[in-house]
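Spelled out from the first residue to the last, the chains are:
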Amino acid sequence: MELKALPQNGANGTSNGNANSLTNNNNNSKDINEKEAQSAENERTNWSNGLEFLMSCISVSVGLGNVWRFPFTAYENGGGAFLIPYIIVLFLIGKPMYYLEMIIGQFTSQGTVKIWSICPAFLGVGYGQAFATICIITYYSSLLALTLYYLFVSFQAELPWSYCRPEWINCVNSRNEDAAKSLLSNATTLLSPYASANNTKLQSSSELYFLNVVIKEKLDISDGIGYPDWKLTIALFVSWVVIFLVIMRGVKSSGKAAYFLALFPYVVLFALLGRAVTLEGAVDGILFFLKPQWGELLNPTVWKEAVVQCFFSLAVGCGPIIMFASYNRFSHSIYRDAMIVTTLDTLTSLLGGITIFAILGNLAHNLQIDNIREVVRSGTGLAFISYPDAISKFQAVPQLFSVLFFFMLFVLGIGSIVALQSTIVTIICDQFRSWKYWKVALVTSICGFLMGLVYVTPGGQWILTLVDFYGGTYVVFILAIFELAGIVWIYGLQNFCDDIEFMCNKRVSMYWRLCWAFFTPVMMIVIFIYSMVTIQPIRYSDIYFPLAGDVAGWLLFAVGAAQFPLWGWWYMSTHRSGSFAKSFMSAMRPSDKWGPANPLTKRDWLLFKDELLAKRATQAKSHKLSFFWQKLCNLCGSSSN
């Protein structure tokens, strides 16, 4: 459904007389509009320069999703077979969604809720995405606490995860064999015959340290999740202090920090890659990662996971891209930035994947396991088991490299969570303009810390798995479908492309039009329906959640998804225009608030849209198949429009 008429603002459906009247009115009140424009610009802070925006987008999109989530997602879905659907999904879903969110944010200079003046009935999409973002923030901050914990203990004379404790049965030291010869000889004597006779799986000391010392893993939460660990609580608090300090002044402070947040991690990541590929058995791990298993391409689950990973890594469907773009100047060239970030994100994911699979290959070699799939279970702990294991094998000052590595992880996480947290703060400040930004940032940071305490308990990893699955993944997924439908199908593909042409002064290519109109939404709908039909009760460490956990998860999903119809109903109830049908149709049309924030720019945009409407009306009369011809031209981006 493509609505050609904008109510009351004359953007698409006004007559020529109304357009002339609008022009005269704007000319007569030019001085007033200039003052309004200046006021609007003063209210909305801009990036100091375009590079700050690019660095900020890199810092949020290139994060823990690349070095933590991508490797274990590929690990769970056949290694190299996952790369093919991931790259296809990137071009058909990831890039189109990323570019769309950049455009909509810059065009309106508004956050994820205010942009829905484009289609007020879809207001709940913005609030639902805010809910999902809050869910992600709460558990994401707990990952920062883990990285800080490892960072602090890395200053010890001996890395604490590099050696086995006496009470750890079937343990293999993670540190270099030459540096721990005496301990390994005892372990070999005890473990090798026992493991062969009883088919007992060996575990590295890095894995046992994470499970038994750091998170104090609880395998049964039927009696509760336990109390927060005091060490992780302190680490969580420090994380939130850093987050607040970065976002307290908005883009003025986060923009300056973005240079470091975006670039520093690559220095350490390349150094780690150089070490990982030299480990014994690393080649086997890399080959497992890169060798496609063609049969997996027919597995719909692999495609679903590729979409989920793409969303998580690029941070689309959550709001930070829209929020960052809203601080751009209206004429900023975002096409270049969108291509740079999405391409760099993919390359970083491949870099992280090769690095960690090289380490997994080495782990399999040390544990005498032929199948790399059996080396270590996937999940949150992968980055805190496999990476530390590799670091412990460094012969020259492993403590120094451990500090650099976990500091890199912390920087990656800060870059992502700063954007997510800024999204929530921006939504609140856009709604209550009299509230001070730093005060809102402080209150939301305190709330984030309090909510994050649940994840630093012995059963915290259970809650993380639950919230990520129900509150993050599926809520973001379904609302992203509505986001795309509201902009492209309801507001209209051609209307949207006209807005892009006005802002960027360039026509939209057929690739973007076909993706937005057909490939992206259809693929997302099909994959989402498949996911719902084949959904299975979630498990943590191969253990099913108790019934209460599943019920809580579905309630979490219901709360997030219900934002869409509830806010749509609220808008129609508070903006009634006659019958329900009329109110519904009115809510489907852009409100008079839709358009560029600057009044002068908005005036020029309205005139631009009127000129296009008149031109198309003239061309339609000259073609026998006017309706179908125009639709075809719109889809292809033909200049005959």
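None of these values were measured; they are calculated from a predicted model.

Examining the overall build of the protein chain
When its secondary structure is counted, the protein chain shows 23 helices and four strands. Considering the protein chain as a whole, with its 641 residues, one finds that 58% of them fall into the buried category. A total accessible area of about 26200 Å² is found for the protein chain, and carbon and sulfur atoms account for 64% of it.

Side note on the pattern of salt bridges
For the coordinates displayed, the defined rule picks out eight salt bridges. The partner of Glu-501 in a salt bridge is Arg-507, and the shortest N-O contact between them spans 3.4 Å.

Things to note about the state of the cysteines
Applying the stated rule across the entire model yields one disulfide. Paired by a disulfide, Cys-164 and Cys-171 hold their sulfur atoms 1.9 Å apart. Across the disulfide from Cys-164 to Cys-171, rotation about the S-S bond amounts to roughly -85°, and the bridge is consequently left-handed. On the basis of relative accessible area, Cys-164 is assigned to the buried category, the value being 18%. Looking at Cys-171, the relative accessible area reads 4%, which means it is buried.

Examining the side chain of Gln-399
Position of Gln-399 relative to the elements: it lies in helix H16 (residues 398-431). Once you skip the residues sitting within four places of it in the chain, Gln-399 turns out to touch Ser-154, Gln-156, Ala-157, Glu-158 and Leu-159.

Examining unusual backbone geometry
The phi dihedral of Ser-109 falls on the positive side, at around 55°, and the residue is not glycine. Tracing the sequence through the fold places Ser-109 in the loop between helix H5 (83-108) and helix H6 (123-153). With a phi close to 60°, Asn-505 is a non-glycine residue in the positive phi region. Here Asn-505 shows up in the loop between helix H18 (460-504) and helix H19 (510-533).

Concerning the packing of aromatic side chains
By the definition in use, this model includes 55 aromatic pairs. Judged by centre distance (6.4 Å) and plane angle (80°), the rings of Trp-47 and Tyr-327 are edge-to-face. Of this pair, Trp-47 sits in the loop between helix H2 (30-43) and helix H3 (50-61) while Tyr-327 sits in the loop between helix H13 (320-325) and helix H14 (334-366), placing them 280 residues apart in sequence. Residue Tyr-327 is classed as buried on the basis of its relative accessible area, which comes to 9%. Seen from their ring centres, Phe-482 and Phe-564 are 4.1 Å apart, and the 15° between their planes marks the pair as stacked.

Observations concerning the packing of helix H9 (residues 230-247) against helix H10 (residues 251-276)
Axis angle and axis distance: for two packed helices, these are the angle between their axes and the distance between the axes, and together they describe the pair. For the pair H9 and H10, the least separation of the axes is 6 Å and the interaxial angle reads 110°. As the angle between them shows, H9 and H10 are arranged roughly perpendicular. Only Ser-253, Ser-254 and Ala-257 of H10 make contact with H9, whose side of the interface consists of Leu-245, Val-246 and Ile-247. When the residues that make up the contact of H9 with H10 are grouped by side-chain class, the tally is four nonpolar, two polar and no charged.

What counts and what doesn't
- Residues numbered from 1 in each chain as written.
- Predicted model: local features only at pLDDT ≥ 70, side-chain atom pairs only at ≥ 80, totals over all residues.
- Heavy atoms only, no water.
- Helix = DSSP H or I, 4+ residues; strand = E, 2+ residues; numbered from the N terminus.
- Buried < 20%, exposed > 50% of the residue type's maximum accessible area, 1.4 Å probe, protein only.
- Areas by Shrake-Rupley, 256 points an atom, 1.4 Å probe, with all protein chains shown as cover.
- Salt bridge = Lys/Arg side-chain N within 4 Å of Asp/Glu carboxyl O.
- Disulfide = S-S within 2.5 Å.
- Contact = heavy atoms within 4.5 Å.
- Phe/Tyr/Trp six-rings, centres within 6.5 Å; stacked < 30°, edge-to-face > 60°.
- Axes fitted to C-alpha atoms, helices over the stretch in contact; angles between N-to-C directions.
- Parallel < 35°, antiparallel > 145°, perpendicular 65-115°, else oblique.
- Nonpolar A, V, L, I, M, F, W, Y, C, P; charged D, E, K, R; others polar.

Keep in mind these values describe shape, not function.
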